[in-house]
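Coordinate inspection notes
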Amino acid sequence: METWQYLLVAAAAAGLLALAIRSAVIKRAARKERDFTRTLETVLQPRETVKVVCPDRHGHWILTSRRLLLETKEGFLAIPFSKIKSLQGQDAAGKATSSPGKMARLSVKTDQLHTLENRAPEFVPLVRQLKQLRNKSRRKGKQ
């Protein structure tokens, strides 16, 4: 065989390897999404509905009708609306803002500080609905 034929065989092998890797990555992503959905279904309480699911670097932020769920490596961290002390939005310059459309990050203060950055289109609906549900639960608590 000549040199060009060896190069052709090597290129074909590299192409097949790239396709195999791509297929494995796609299957892994689908498996992770399926497992996330199954795990989320086990965490939900009776008659609790999911409003918004927002992906983050470290997991997902799930807003339900009763609480905010944060996905962690160990499982889920549930934050009832009554435990949320404050919601603070910041724009790209670091200034405080209350407009969900202008927010670059949202800080949720409970016993700890949790921060979500605006990296997905679900961020704005999550912030809007979180503010509404938190205010609604605070009004119920004051009555």
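Scroll up for the structure.
Note that the structure is predicted; figures quoted are calculated from it, not measured. (Residues numbered from 1 in each chain as written. Predicted model: local features only at pLDDT ≥ 70, side-chain atom pairs only at ≥ 80, totals over all residues. Heavy atoms only, no water.)

**Focus: the packing of aromatic side chains**
Put simply, the rule reads: Planes of paired rings set the category: under 30 degrees apart is stacked, over 60 is edge-to-face and the rest tilted, where pairs are Phe, Tyr or Trp rings (Trp by its six-membered ring) whose centres lie within 6.5 Å. Secondary structure elements are defined from DSSP: runs of H or I of at least 4 residues count as helices, runs of E of at least 2 residues count as strands, and each element is numbered from the N terminus. Relative accessibility under 20% of the residue-type maximum defines a buried residue, over 50% an exposed one, and the middle range a partly exposed one, all with a 1.4 Å probe and only protein chains included.
Enumeration according to the criterion identifies 1 aromatic pair in this entry. Ring centres of Phe36 and Phe76 lie 6.2 Å apart, and the angle between their planes is 45°; on these two criteria the pair is classed as tilted. On the criterion of sequence distance, the pair formed by Phe36 in helix H1 (residues 3-43) and Phe76 in strand S4 (residues 76-80) is long-range, its members being 40 residues apart. Note on Phe36: relative accessible area 7%, which makes it buried.

**Observations regarding a nonpolar patch on the surface**
The line we're drawing: Residues enter a patch when their relative accessible area is above 30% and they make no salt bridge; the linking distance is 9 Å between like charges and 5 Å between nonpolar side chains (Val, Leu, Ile, Met, Phe, Trp, Tyr). A 1.4 Å probe and the Shrake-Rupley method give the accessible areas. Residues count as covered only by the protein chains that appear here. A side-chain nitrogen of Lys or Arg and a carboxyl oxygen of Asp or Glu constitute a salt bridge if their distance falls within 4 Å.
On the surface, Met1, Tyr6 and Val9 cluster together into a nonpolar patch covering about 370 Å² of accessible area. Among the structural elements, Met1 can be located in the segment before H1.

**Thoughts on the environment of Met1**
The following threshold applies: Residues count as neighbours in contact if any of their non-hydrogen atoms are within 4.5 Å of one another.
On the basis of relative accessible area, Met1 is assigned to the exposed category, the value being 66%. Sequence-distant contacts of Met1, that is, excluding residues within four places in its chain, are made with Tyr6 and Val9.

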